[in-house]
Amino acid sequence: MRVLVVGAGTMGHGIASVCAASGFEVDLVDVSEEVLDSAKMKIGWSLKKLEERGAVKNAMEVLQRIRTSTNLAECAKFADFVIEAVVEKTEVKKEIFKILDENCRPEVVLSTNTSTIPISDIASATRRPEKVAGLHFFNPPVLIKFVEIIRGEKTSDETLKKTVEFAKSIGMDHIIVEKEVPGFVVNRINVRVFNEAVRLIESGYRPEEIDAVVKYRIGMPMGLLEVVDFSGVDVLYNVIKELGRRGMDVEVPETVRRMVEENRLGMKTGRGFYEYEGFYSRAKILPKFAYRLNPLNLIAAGINEAAWLIRNGVATKESIDKAMVLGMGYPKGLLEMADDFGLDNVLKVLEGREADPLLKKMVSDGKLGKKSGEGFYCWKYDRKEFGPVIYEKRDKYALITMNRPEKLNALNEEMWRGLNEAFIEAEKDPDIRVVVLTGRGRAFCAGDDIAVMGSWKTFMDGKNFFTSVAVPLLDTIANYTKPIISLVNGIAFGGGLELNLAFDIVIASEDALFSVPEGLIGAIPPVASSLGLAVLGRKMVRYCLTGDQMDADEARQMGIVDIVVPRDQLEIAGVEFVNKILRLAPLSVRAIKETARAYRSIFGFVVEKGLHEIIELIPTEDFAEGMRAFVQRRRPLWIGR
Ligand code: NAI
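Please read these numbers as outputs of a predicted model, since none were measured by experiment.

Draft legend 1. Layout of the overall build of the protein chain. A count of helical and extended segments in the protein chain gives 27 helices and 19 strands. A principal-axis box enclosing the C-alpha atoms of the protein chain has dimensions of 105 × 50 × 50 Å. Considering only residue pairs separated by 6 or more positions, the protein chain has 69% of its internal contacts joining residues 24 or more positions apart. Carbon and sulfur atoms make up 54% of the accessible area of the protein chain, which amounts to about 27600 Å² in all. Distance from the positive charge centre (87 side chains) to the negative charge centre (92 side chains) of the protein chain: 1 Å.

Written out as structure tokens, the structure is:
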């Protein structure tokens, strides 16, 4: 089989290389010998690299399968399949398609790599529009093994089938784009997300903050603006301008227009969204920049565009997700991410803008994503209540919510037992790989229920309560085989703080408050035990001795909290961490949990030792007075004694 590749520039030389490496004879055509020589050199260099990596067996042999020529009409006569990749100018492409049509055998498929020009426009230059299709590669084609195959207005099913077969034969995965909308699937979504990034910059975010979200939270290999700087701000400028001109409702943002005017084109001019000193310099995108911006603010516009594509019959949800993963390096499909984060949250972010009717309908139908069992996709879902504890199975993770908001989710007997049952439920469900715990209302958990503690009169009352009610949950957690993420949504006092020491990842909302105020009511915080202080350090003594509250940042410095996020990002951050854990090998996760058990058993001792000390305080007058004073909302008598 002979493949004719027209245009030997950035894309054409790469496409020729891919075809030759797949065993095809290739004719590569361009306007001058000079361009062709340079293309052959680049192909030789890249094949050599591929050979070194073992991706190509014999670079020389592959190279010999590529013949170059400036005579399009002549090469067209021998072609079995044609890929056009010349400059993005309609007149030039039409001229080429006319020549191809006149010289290729009638059954030959003529495909175009155009990014923005309608296929039918190009096809109109031929007498075989049914044999013309879009075959849109991504740069560089030797590495990105994915194409969009576009059906023009007149493209026949047979042509589409042949194009799919050809794509497969050169090792490319593909999606079908059923309608030739400007930008097809990937570029349309990219442009929306990029324009959103620029809008965020215009509203005060720094490029590093946007790219840190993209790299460290969404999980893409490079930052979005970093990639634009790499490929050229002017390239994107032209794409957006062209898509706008062709009817997509996008405009080049003012910032980008100015950047192009000022020659801030990215790495090639030393300045773009970032500054570059020398060819090897890179943007400094650090994880610490990642938690100011809500990732949904960035991708919601892309999700909205995807909804438009589905609603207009351009591509299926599966195709869109596949395209973003294979073409753009998204860690998972965009629509799966939408289901993860919750479509209600997507809609909230889009507030004030034109949300796609499909998204609005899904939300009003209660199709919110994993949290309701159905969004763009269907997910395993289950909901149960264990007393004041709500248990939800959300596909691969469980969300456990302490639901006693009027009592600040205080730990009474039902709460202890409910939590234990919910954790056991998640532990025994093989689908569940991560557990997330949070509280409803303004508290995470205010600690032990004073009403319960106040009813204890003797040692034994407290001891019985702890051994029969609290210890089973502590045992369950200490031996848990699945990672536990805690989302501290508000106050976490006493036991509500201490429970967090046993969890694997603690994410706190920036308005969360922590304290161990047990001394104020005649008890002792378990973390005040010698082991507790050994784990948390000397600084904790101050909080035990005063009952002072610490904010989320202080709690992070104390090692109680891992990540602090703005309030509106708590739920999303939880989902992100679930997804991060799900990327690990299950056996690795299990082994990590197993080794971390040593730490969790220290926690067990801390609590046990602490409980022991509380129990010792129960028969004292201070304890009784503390409890009375708390219930009567007055100062305990020992103040001023
Ligand atoms: P380029 O400018 O690097 O290469 C275009 C080549 O076409 C040049 O070598 C030029 O000499 C040649 N050419 C111009 N007129 C010709 C003619 N009459 N006959 C034969 N050759 C002719 O452009 P690039 O980036 O390779 O883009 C080519 C096509 O691929 C465009 O349609 C573009 O939209 C599309 N594309 C580009 C991508 C990219 O990342 N650069 C990605 C996907 C598609």
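Draft legend 2. Just a nonpolar patch on the surface, in detail. Together, Met222, Val227 and Phe230 line one region of the surface with nonpolar side chains, adding up to about 250 Å² of accessible area. Tracing the chain through its elements places Val227 in helix α10 (residues 224-231). On the accessibility criterion, Val227 (33% relative accessible area) is partly exposed.

Draft legend 3. Helix α18 (residues 413-428), seen in detail. Taking 1.5 Å per residue as the helical rise, α18 with its 16 residues ought to reach 22 Å, and the 23 Å between its terminal C-alpha atoms agrees with that figure. Elements in contact with the buried residues of α18: β9 (381-386), β10 (389-394), β11 (397-402), β12 (434-439), α20 (459-478) and β14 (484-488).

Draft legend 4. Expanded view of the packing of aromatic side chains. The tally for this structure, following the rule as stated, stands at 11 aromatic pairs. When the ring of Phe423 is compared with that of Tyr480, the centres are 5.5 Å apart and the planes differ by 90°; the resulting orientation is edge-to-face. Here Tyr480 lies in the loop between α20 and β14 and Phe423 lies in helix α18, a separation of 57 residues in the sequence. Tyr480 shares its class with Phe423; the two are buried. Ring pairs connect the aromatic residues Phe24, Phe81 and Phe166, which therefore count as one cluster. A cation over an aromatic ring shows up here: Arg188 above the ring of Trp308, its NZ or CZ 4.3 Å from the ring centre. Over the face of the ring belonging to Phe289 we find Arg206, whose NZ or CZ atom lies 5.0 Å from the ring centre.

Draft legend 5. Expanded view of the sheet that holds strand β15 (residues 491-493). Taken in spatial order, the four strands of this open sheet run β13-β15-β17-β18, and their pairing is mixed. Either end of the sheet is taken by a strand with one partner, and the two such strands are β13 (443-445) and β18 (550-551). As paired strands, β15 and strand β17 (residues 513-515) are joined by three bridges and run parallel to one another. For Ile491, the partnering residue across the bridge sits in β17 and is Leu513.

Draft legend 6. The arrangement of the site of the ligand in detail. Every one of the 21 residues lining the ligand counts as a neighbour, but Thr10, Met11, Asp30, Glu88 and Lys93 are closest to it. Here an oxygen atom of the ligand sits 2.9 Å away from a polar atom, N or O, in the main chain of Thr10. Note that an oxygen atom of the ligand is positioned 3.3 Å from one of the backbone N or O atoms of Val86. Here the ligand loses 74% of its free accessible area of 830 Å² to cover by the protein chains. Per element, the largest residue contribution to the shell around the ligand is three residues, and it comes from helix α5 (residues 90-103). Grouping the amino acids of the shell around the ligand by side-chain chemistry returns 10 nonpolar, eight polar and three charged.

Draft legend 7. Highlighting the sheet that holds β12. With respect to topology, seven strands assemble into an open sheet ordered β9-β10-β11-β12-β14-β16-β19, the strand pairing being mixed. The sheet terminates laterally at β9 and β19 (563-565), the two strands that pair on one side only. Here the average twist between neighbouring strands, direction ignored, is 20°. Its contacts with the sheet put α18 on β9, β10, β11, β12 and β14, and the angle it makes with β10 is roughly 15°.

Draft legend 8. Looking closely at the pairing of strand β2 (residues 25-29). Of all five residues that make up β2, four are buried, and the element is covered over most of its length. Relative to β2, strand β1 (residues 2-6) is paired through five bridges, and the arrangement is parallel. Each bridged residue has a counterpart across the sheet, and for Val5 the counterpart in β2 is Leu28. Between the parallel pair β1 and β2, the chain is carried across by helix α1 (residues 10-21), and the sense of this crossover is right-handed.

Draft legend 9. Inspection of the packing of helix α13 (residues 295-311) against helix α15 (residues 334-341) at higher detail. The N-to-C vectors of α13 and α15 enclose an angle of 120°; their axes lie 10 Å apart at closest approach. Classified by the angle between their axes, α13 and α15 sit oblique to one another. Considering how the two elements wind past one another, α13 and α15 form a crossing that is left-handed. Of the residues in α15, those touching α13 at Leu296, Ile299, Gly302, Ile303, Ala306 and Ile310 are Leu334, Leu335, Met337, Ala338 and Phe341. Looking at side-chain class alone, the contact of α13 with α15 contains 10 nonpolar, one polar and no charged residues.

Draft legend 10. Up close: the pattern of salt bridges. Under the definition given, this model contains 57 salt bridges. With a shortest N-O distance of 2.8 Å, Arg417 and Glu413 are connected by a salt bridge. Of this pair, Arg417 and Glu413 both sit in helix α18, four residues apart, which is roughly one turn of that helix. The class for Glu413 is partly exposed, based on a relative accessible area of 32%. Several salt bridges converge on common partners, so that one network encompasses Arg188, Arg192, Asp249 and Glu305.

Draft legend 11. Examining the environment of Asp553 more closely. Along the chain, Asp553 turns up in helix α24 (residues 552-557). In this structure, the C-alpha to C-alpha distance between Asp553 and Asp511, residues 42 residues apart in sequence, is 9.4 Å.

Draft legend 12. Structural detail: unusual backbone geometry. Of note, the amide linkage connecting Asn139 to Pro140 takes the cis form, showing an omega dihedral of -5°. Inspection of the secondary structure assignment puts Pro140 in the loop between β6 (132-136) and β7 (146-150). The backbone of Asn263 sits at a positive phi, close to 60°, despite the residue not being glycine. Turning to its location among the elements, Asn263 is positioned in the loop between α12 (254-261) and α13. Residue Asn263 is classed as partly exposed on the basis of its relative accessible area of 43%. One non-glycine residue, Leu408, lies in the positive phi region at around 50°. With respect to the helices and strands, Leu408 occurs in the loop between β11 and α18.

Thresholds applied
Throughout this document, residue positions are counted from 1 along each chain, in the order its sequence is written. Thresholds applied to this predicted model are a pLDDT of at least 70 for local features of residues and 80 or more for the giving and counting of side-chain atom pairs; totals over whole chains, interfaces and linings are not thresholded and use all residues. Think of the side-chain values as coming from all heavy atoms in the structure, minus any hydrogens and water. Segments assigned H or I by DSSP are reported as helices when at least four residues long, segments assigned E as strands when at least two residues long, and all are numbered from the N terminus. Residue contacts are defined here by distance: any two heavy atoms, one from each residue, within 4.5 Å place the two residues in contact. We get accessible surface area from the Shrake-Rupley algorithm with a probe of 1.4 Å; when it comes to residues, only the shown protein chains can shield them. Note on charges: Lys and Arg go in the positive column, Asp and Glu in the negative column, and His and the chain ends are not counted at all. All charge positions are set by atom: Lys at NZ, Arg at CZ, Asp at CG, Glu at CD. Residues enter a patch when their relative accessible area is above 30% and they make no salt bridge; the linking distance is 9 Å between like charges and 5 Å between nonpolar side chains (Val, Leu, Ile, Met, Phe, Trp, Tyr). Each reported salt bridge corresponds to a side-chain nitrogen of Lys or Arg within 4 Å of a carboxyl oxygen of Asp or Glu. Relative accessible area decides the class of each residue, using a 1.4 Å probe on protein chains only: under 20% of the type maximum gives buried, over 50% gives exposed, and in between gives partly exposed. A helix's residues, less one, multiplied by 1.5 Å, set its expected span. Two rings from Phe, Tyr or Trp (for Trp, the six-membered ring) form a pair when their centres are within 6.5 Å of each other. A pair whose planes differ by under 30 degrees is stacked, one over 60 is edge-to-face, and the rest are tilted. In our convention, an over-ring charge means Lys NZ or Arg CZ found within 6 Å of a ring centre and within 35 degrees of that ring's normal. Pairing between strands is defined by DSSP: at least two bridges between the two strands are required. Here a residue counts as near a molecule or strand whenever at least one of its heavy atoms sits within 4 Å of it. The term polar contact refers here to a pair of N or O atoms within 3.5 Å; inside protein, the definition further demands a hydrogen-donor-capable atom paired with an acceptor-capable atom, and it admits residues adjacent in sequence only when both atoms are side-chain atoms. For this classification, the nonpolar set comprises Ala, Val, Leu, Ile, Met, Phe, Trp, Tyr, Cys and Pro, the charged set comprises Asp, Glu, Lys and Arg, and every other residue, Gly included, is treated as polar. Axis lines are fitted to C-alpha atoms, over the contacting stretch for helices. Their N-to-C directions set the angle, which ranges from 0 to 180 degrees. Handedness rule for crossovers: strands pointing away from the viewer, path from the first strand over the helix to the second running clockwise, crossover right-handed. Our angle categories are set so that under 35 degrees counts as roughly parallel, over 145 as roughly antiparallel, 65 to 115 as roughly perpendicular, and the remainder as oblique. The handedness criterion is simple: a crossing whose near helix is rotated anticlockwise from the far helix by less than a right angle is left-handed, and one whose near helix is rotated clockwise is right-handed.

None of this, on its own, says anything about what the molecule does.
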